[in-house]
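# Working through the structure, step by step
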Number of protein chains: 2
Amino acid sequence: MFSIGELSKRTKVKVPTIRYYEELGLLAEAERTSGNQRRYDNTGLERLSFIRHARDLGFSIEAISSLIELQEHPDRSCETATDIAASQLEEVRAKIKRLRTLEKELSRISKGCDGEGVSEDCYVLASLADHNLCSREH
Amino acid sequence: MFSIGELSKRTKVKVPTIRYYEELGLLAEAERTSGNQRRYDNTGLERLSFIRHARDLGFSIEAISSLIELQEHPDRSCETATDIAASQLEEVRAKIKRLRTLEKELSRISKGCDGEGVSEDCYVLASLADHNLCSREH
DNA sequence: CTTGAACCTCTAGTCACTAGAGACATTACA
DNA sequence: TGTAATGTCTCTAGTGACTAGAGGTTCAAG
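Treat the numbers as computed from the prediction; the structure is a model and nothing was measured. (Residues numbered from 1 in each chain as written. Chains lettered and ligands numbered in written order. Predicted model: local features only at pLDDT ≥ 70, side-chain atom pairs only at ≥ 80, totals over all residues. Heavy atoms only, no water.)

### Some words on the overall build of chain A
The criterion, for reference: In this text, helices come from DSSP runs of H or I with a minimum length of four residues, and strands from runs of E with a minimum of two, each type numbered from the N-terminal end. Each residue is assigned to one of three classes by its accessible area relative to the maximum for its type, calculated with a 1.4 Å probe on protein chains only: buried under 20%, partly exposed between the two thresholds, exposed over 50%. The contact criterion used is simple: two residues touch if any of their non-hydrogen atoms lie within 4.5 Å. Every accessible area reported is derived by Shrake-Rupley at a probe size of 1.4 Å, with residue values counting cover from the shown protein chains alone.
The secondary structure content of chain A amounts to six helices and two strands. Helices and strands appear in chain A in the N-to-C order α-α-β-β-α-α-α-α. The buried share of chain A, reckoned over its 138 residues, is 38%. In chain A, 46% of the contacts between residues at least 6 apart in sequence involve partners at least 24 apart. Counting only carbon and sulfur atoms, one obtains 45% of the accessible surface of chain A, whose full area is about 8,300 Å².

### Digging into the side chain of S8 of chain B
Summarising the element assignment, S8 of chain B is placed in helix α1 (residues 4-11). The contact partners of S8 of chain B, leaving out residues within four places of it in the chain, are V13, K14, V15 and I18 of chain B.

### Examining the interface of chain B and chain A
Where we set the bar: Defined in terms of a 1.4 Å probe, buried area is the accessible area two parts forfeit on being brought together, summed over both. Salt bridges are defined as contacts in which a side-chain nitrogen from Lys or Arg sits within 4 Å of a carboxyl oxygen from Asp or Glu. Under this definition, polar contacts are N or O atom pairs within 3.5 Å; protein pairs additionally need one hydrogen-donor-capable and one acceptor-capable atom, and for neighbouring residues in sequence, both atoms have to be side-chain atoms. Only Asp, Glu, Lys and Arg are considered charged, only Ala, Val, Leu, Ile, Met, Phe, Trp, Tyr, Cys and Pro nonpolar, and every remaining residue, Gly among them, polar.
Every contact between the two is made by 42 residues of chain B and, on the other side, 42 residues of chain A. Here chain B packs against chain A, burying approximately 3,700 Å² in sum over the two surfaces, 77% of which is carbon and sulfur. Of all residues in chain B, H53, L106 and L128 of chain B give up the largest surface area on contact with chain A, accounting jointly for 18% of the area buried on that side. The tally of links between chain B and chain A comes to two salt bridges. Residue E103 of chain A pairs with R93 of chain B through a salt bridge whose shortest N-O separation is 2.8 Å. Applying the counting rule to chain B against chain A returns four residue pairs in polar contact (both at pLDDT 80 or more). Contributing elements (two or more residues each) for the side of chain B that touches chain A: α3 (42-56), α4 (61-72), α5 (79-111) and α6 (123-129) of chain B. Here the side of chain B that touches chain A gets 20 residues from one element, more than from any other, and that element is α5 of chain B. Residue composition of the side of chain B that touches chain A, by class: 24 nonpolar, ten polar and eight charged.

### Here we look at the protein's contact with DNA strand D
Which entries qualify depends on this criterion: Consider each residue's heavy atoms; a residue with any of them within 4 Å of a molecule or strand counts as near.
As a structural note, the neighbourhood of DNA strand D is formed by 18 residues, with Y21 and R55 of chain A together with S3, R19 and R38 of chain B the closest of them. In DNA strand D, the atoms that sit within 4 Å of the protein are 87% sugar and phosphate, with bases accounting for the remainder. Taking T17 of chain A, its side chain carries an N or O atom lying 3.0 Å from a phosphate oxygen of DNA strand D. Between DNA strand D and the protein, one listed contact pairs a base nitrogen with a side-chain N or O atom of Y20 of chain A at 3.4 Å. The leading source of residues in the surface near DNA strand D is helix α2 (residues 15-24) of chain A, at three residues. For the surface near DNA strand D, the residue count by class is four nonpolar, nine polar and five charged.

### A closer look at the relation of the copies chain B and chain A
Put simply, the test is: What sets the superposition is a least-squares fit of C-alpha atoms, and only residues with pLDDT of at least 70 in both copies go into it.
Note on the identical chains: chain B maps onto chain A by a rotation of 180 degrees and an axial translation of 0.0 Å, with an RMSD of 0.1 Å. Expressed as an axis order, the relation between the two copies is that of a two-fold axis. Residues of chain B ranked by C-alpha distance from the rotation axis are headed by I96 of chain B, positioned 2.9 Å from it. Comparing contact sets, 100% of the residues at the interface of chain B also lie at the interface in chain A, consistent with an isologous, same-surface contact.

### Focus: the packing of aromatic side chains
This is how the line gets drawn: Only Phe, Tyr and Trp rings take part, Trp by its six-membered ring, and two of them pair if their centres are within 6.5 Å. Stacked means planes under 30 degrees apart, edge-to-face means over 60, and tilted covers everything else. Criterion for a charge above a ring: Lys NZ or Arg CZ within 6 Å of the ring centre, and within 35 degrees of the ring normal.
Inspection of the entire model under this criterion finds two aromatic pairs over all chains. Centroid distance Y20 of chain A to Y21 of chain A: 6.1 Å. Interplanar angle 40 degrees. Geometry classified as tilted. When its relative accessible area of 7% is taken as the criterion, Y21 of chain A is described as buried. The ring of F2 of chain B is capped by R10 of chain B, whose NZ or CZ atom sits 4.1 Å from the centre of that ring.

Set out below in structure tokens:
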């Protein structure tokens, strides 16, 4: 049995965040000492590691809730879990795509004011003001 | 001179967001009709387009404030603007990198439960629970 | 037994909006 | 000119996923 601080150290999840997860119901309510402090065992540690890992992968709290519910009803098929993971993957791919477009435009823009022969107006500002200067839609 | 709704239509920025920008000082306070409704001209339209475009590119409100301040003091060099754009670019590149790693892991995970011969435990859940199953750090 | 770190609860703040209530203004049409 | 529909006003509160701080209590080491 270990304290919330210890759990925090082991999972790299901050103490207030752990309490917050408990409040949300992601984490079961911890046992308490006679002095009202939370005590955890390996079950708590594993659960929090799961949450942490999923958050790192960009899953929303809501999605994680669903996954946890599935864990607790192993009789149900894991189709839902696969679906959740797949839709997360889709989102990630969409974000990458969008960011690539931004990258292109930003690198074009931020090259603009480099030393030589730019007109007296700032190219960065002009580019932002005038969408028509973009090479493509975004 | 046109209304806030018209401005919203033209810039695709929602009405409450426009008011919010005004409150933050990103947008100058609009002129008002005798009945206290906001009226805008081209200056307002251009400014809002600028903000919208920068937000689309992922600039924070704070960064946009700095850019606007620069616009209003054209005597200053555009170095700062270039810097802001460059750091935005850096952030975008970092995000892309991170998302690529996630993409790899997610696609590995979400292939897991495909039809054939997975053990009775769900691979998605197992992967999330056990970081050691990750092919690499993330 | 004392000290200091860790813990407790509670409220409020972050960012960039978004939603809703309740009241007033403008516009289109009869 | 009357009226109804739509638009606009301000204000407060909510979103997601935390984070920070106040003010008080408990624990572990020496």
